[in-house]
Amino acid sequence: MRSSRKALNMIKYLILMLTFMCVVIEIIQIVVGAVLHRLFATYTVFIDNDFVRATHFLIAVGIVLVFLSIFGFAGIIFENVIMIFLYAGMFGLMVILEIILASAAFSMYTRVDSMLTRRMSIVIQQFFSDSFMRASFNHMQNEMNCCGIQSYADWANFHPERDLPNSCCRRVDDGCMPHERGCHAPMSDFIGSRTHMIATGTVIIIVFQVICIVTAIIMGARLSKYKQQLRAAGMSPGPVTAPEPIMTEKPKY
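Given the structure is predicted, the values throughout are model-derived calculations rather than measurements. (Residues numbered from 1 in each chain as written. Predicted model: local features only at pLDDT ≥ 70, side-chain atom pairs only at ≥ 80, totals over all residues. Heavy atoms only, no water.)

### With respect to the state of the cysteines
Thinking step 1. Applying the stated criterion across every chain yields a total of 3 disulfides.
Thinking step 2. The disulfide partner of Cys146 is Cys183, and the S-S distance across this bridge is 2.0 Å. Here the disulfide of Cys146 and Cys183 is right-handed, its torsion about the S-S bond being about 95°. Here Cys183 lies in the loop between β2 (177–178) and α7 (184–232) and Cys146 lies in the loop between α5 (131–144) and α6 (153–158), a separation of 37 residues in the sequence. Residues Cys146 and Cys183 agree in their burial class; the two are buried.
Thinking step 3. What pairs with Cys169 in a disulfide is Cys176, and their sulfur atoms sit 1.9 Å apart. Sign of the S-S torsion, about -105° for the bond between Cys169 and Cys176, identifies this disulfide as left-handed.
Thinking step 4. The buried category is assigned to Cys169, whose relative accessible area is 11%. (Disulfide = S-S within 2.5 Å. Helix = DSSP H or I, 4+ residues; strand = E, 2+ residues; numbered from the N terminus. Buried < 20%, exposed > 50% of the residue type's maximum accessible area, 1.4 Å probe, protein only.)

### Some thoughts on the packing of helix α2 (residues 49–77) against helix α3 (residues 81–110)
Thinking step 1. Remark: α2 packs on α3, axes separated minimally by 10 Å, with the N-to-C direction vectors making an angle of 165°. Overall, the two elements α2 and α3 adopt an arrangement that is roughly antiparallel. Two packed elements cross with a definite hand, and for α2 against α3 that hand is left-handed.
Thinking step 2. When its residues are assigned to classes, the contact of α2 with α3 shows 21 nonpolar, 3 polar and 2 charged. (Axes fitted to C-alpha atoms, helices over the stretch in contact; angles between N-to-C directions. Parallel < 35°, antiparallel > 145°, perpendicular 65-115°, else oblique. Left-handed = near helix turned anticlockwise from the far one by under 90°. Nonpolar A, V, L, I, M, F, W, Y, C, P; charged D, E, K, R; others polar.)

### Looking at the side chain of His159
Thinking step 1. If you trace the backbone, His159 turns up in the loop between α6 and β1 (169–171).
Thinking step 2. Given the relative accessible area of 9%, His159 is considered buried.
Thinking step 3. Other than its neighbours up to four places away in sequence, His159 contacts Ile124, Gln125, Phe127 and Phe128. (Contact = heavy atoms within 4.5 Å.)

### Points about the nonpolar core
Across soluble globular proteins, nonpolar side chains have a tendency to be buried as a group.
Thinking step 1. If you look at the biggest cluster of nonpolar residues, it comprises 35 residues, and the most contacted ones within it are Phe46, Phe51, Met120, Phe137, Met140, Met187 and Ile191.
Thinking step 2. For this core, the elements supplying multiple residues, two or more each, are α1 (2–42), α2, α3, α4 (112–125), α5 and α7.
Thinking step 3. Sequence-distant contacts of Phe51, defined by excluding residues within four places in its chain, comprise Phe40, Met108, Arg111, Val112, Met115, Ile191 and Thr195.
Thinking step 4. Counting 26 residues, the second-largest nonpolar core is a separate cluster that includes Ile15, Val81, Phe208 and Cys212. (Core = buried A, V, L, I, M, F, W, Y, C linked by side-chain atoms within 4.5 Å.)

### Section: the UniProt feature "transmembrane region" (unreviewed entry) in the protein chain
Thinking step 1. Annotation from UniProt places "transmembrane region" (unreviewed entry) at residues 12–36, 56–78, 85–109 and 197–221.
Thinking step 2. Helix makes up 100% of residues 85–109 and strand 0%, with an end-to-end C-alpha separation of 36 Å.
Thinking step 3. Between the C-alpha atoms that bound residues 197–221 the distance is 36 Å, and the span itself is 100% helix and 0% strand. (UniProt positions renumbered as here; feature names shortened; annotations may be inferred.)

### Examining the confidence of the model for the protein chain
Thinking step 1. For the protein chain, the mean per-residue pLDDT works out to 87, and 91% of the residues sit at or above 70.
Thinking step 2. The low-confidence segment residues 240–253, where pLDDT is below 50, has 2 contacts with residues more than four positions distant or belonging to other chains. (pLDDT = per-residue confidence, 0-100.)

Next comes the structure, spelled out in structure tokens:
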């Protein structure tokens, strides 16, 4: 009986540590999702809605998992078998959702180049007719130190009668000296690296969460068996067994 309790305590402390680490990881996931959402929102005209929704999903799943981890933490501390199995089951459902998110992120990563080519062409066509498109393209060219889509020659193709916008110019002292590189390559690196971060980061989190689920199931099964043994022996199945008395008689002086 004592060996069973000792083994159960080892599993208990292990899963408490893993659950605490899981809470920390989920908080990091929420922060990363918020930062990526802010970055994607800056270039919203150049990316599809799926990319922004992925950050929303990342934040929402992180918030749910934080509360779920706290629920599991309480179940483990109080050694409640039902709470532990509910924790493992609900965690499993959230892992399935995160697998879907990771798959979607990898899919989005493969179409970043084609998406940017399509969206940039639309924005540059409407540059002089739409103030929002103009502000977005100017912001991108200033931040990325670039000009046009593939090169500054794109402005002559889309707007042959217009001069280059000032955001294209490295110097404007003696006429506009445009940036040599286009905006497609730096934007592809910018969006692609962050989309890949969502995909790979989610996979790493999933692996860690599967470990938490497995240890929770093991603890639930061991705890259930241990409580059955206590009931069979006529003892209380509480979370902490009473220690043996050190002395059976009151000392006499």
